[in-house]
Amino acid sequence: MSAGRLRRGDTDWARVDALTDEDIERAIAEDPDAAPILDEEWFRNAELVIPTKTATSMRVDSDVMDWFKSQGRGWQTRMNAVLRAYAKAQGGVK
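A brief look at the structure comes next. Since this is a predicted model, take the numbers as computed values, not measurements.

## Describing the environment of T77
Turning to step 1, where the next piece is worked out: By the element assignment, T77 lies in helix α5 (residues 75-89).
Turning to step 2, where the next piece is worked out: Counting along the chain gives 16 residues from T77 to V93, while the straight-line C-alpha distance between them is 17 Å.

Okay, here's the thing in structure tokens:
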């Protein structure tokens with residue numbers, strides 16, 4: 001959405017600004033869907049992997065292509081994720 005089309009939300013920014021780090025950490029710990037807080041140890045052990053992309057041409061069934069494209073922006077990334085998951089399951093990639 002362009003900046004000119006952004007709408008004012010219902011966020012209570014005063015309440016957000018009043019949250020302490022402890023409040024935020026507690027809320028994250030209590031949320032089963034929240035990703036863990038990334039600490040110094042995580043960053044020390046993290047490995048940066050920059051995948052390379054290869055431009056290719058391939059034949060895909062029209063209905064499959066139409067479905068991926070109908071999913072909107074990022075359809076090529078999602079298609080790549082499906083192919084990666086299959087290759088990984090077959091032991092072909094890490």
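Next comes the rest of the account.
## Overview of the environment of R78
Turning to step 1, where the next piece is worked out: Of note, R78 is situated in helix α5.
Turning to step 2, where the next piece is worked out: Classification of R78 as partly exposed rests on a relative accessible area of 34%.
Turning to step 3, where the next piece is worked out: For the pair formed by R78 and F68, sequence separation is ten residues and the distance between their alpha carbons is 7.8 Å.
Turning to step 4, where the next piece is worked out: Residues in contact with R78, not counting those within four places in the same chain, are F68, Q71, G72 and R73.
Turning to step 5, where the next piece is worked out: Polar side-chain contacts of R78 include one of 3.1 Å to the backbone oxygen of Q71.

## With respect to α5
Turning to step 1, where the next piece is worked out: Taking 1.5 Å per residue as the helical rise, α5 with its 15 residues ought to reach 21 Å, and the 21 Å between its terminal C-alpha atoms agrees with that figure.
Turning to step 2, where the next piece is worked out: Just downstream of α5, G91 is the residue with a positive phi angle, here 80°.

## Here's the deal with the environment of K94
Turning to step 1, where the next piece is worked out: By the element assignment, K94 lies in the segment after α5.
Turning to step 2, where the next piece is worked out: It is 40 Å that separates the C-alpha atoms of K94 and T20, two residues lying 74 residues apart in sequence.
Turning to step 3, where the next piece is worked out: With residues up to four places along the chain from it excluded, the contact list for K94 reads R84 and K88.

How each quantity is defined
- Residues numbered from 1 in each chain as written.
- Predicted model: local features only at pLDDT ≥ 70, side-chain atom pairs only at ≥ 80, totals over all residues.
- Heavy atoms only, no water.
- Helix = DSSP H or I, 4+ residues; strand = E, 2+ residues; numbered from the N terminus.
- Buried < 20%, exposed > 50% of the residue type's maximum accessible area, 1.4 Å probe, protein only.
- Contact = heavy atoms within 4.5 Å.
- Polar contact = N/O pair within 3.5 Å; in protein donor to acceptor, adjacent residues only side chain to side chain.
- Expected span 1.5 Å × (residues − 1).

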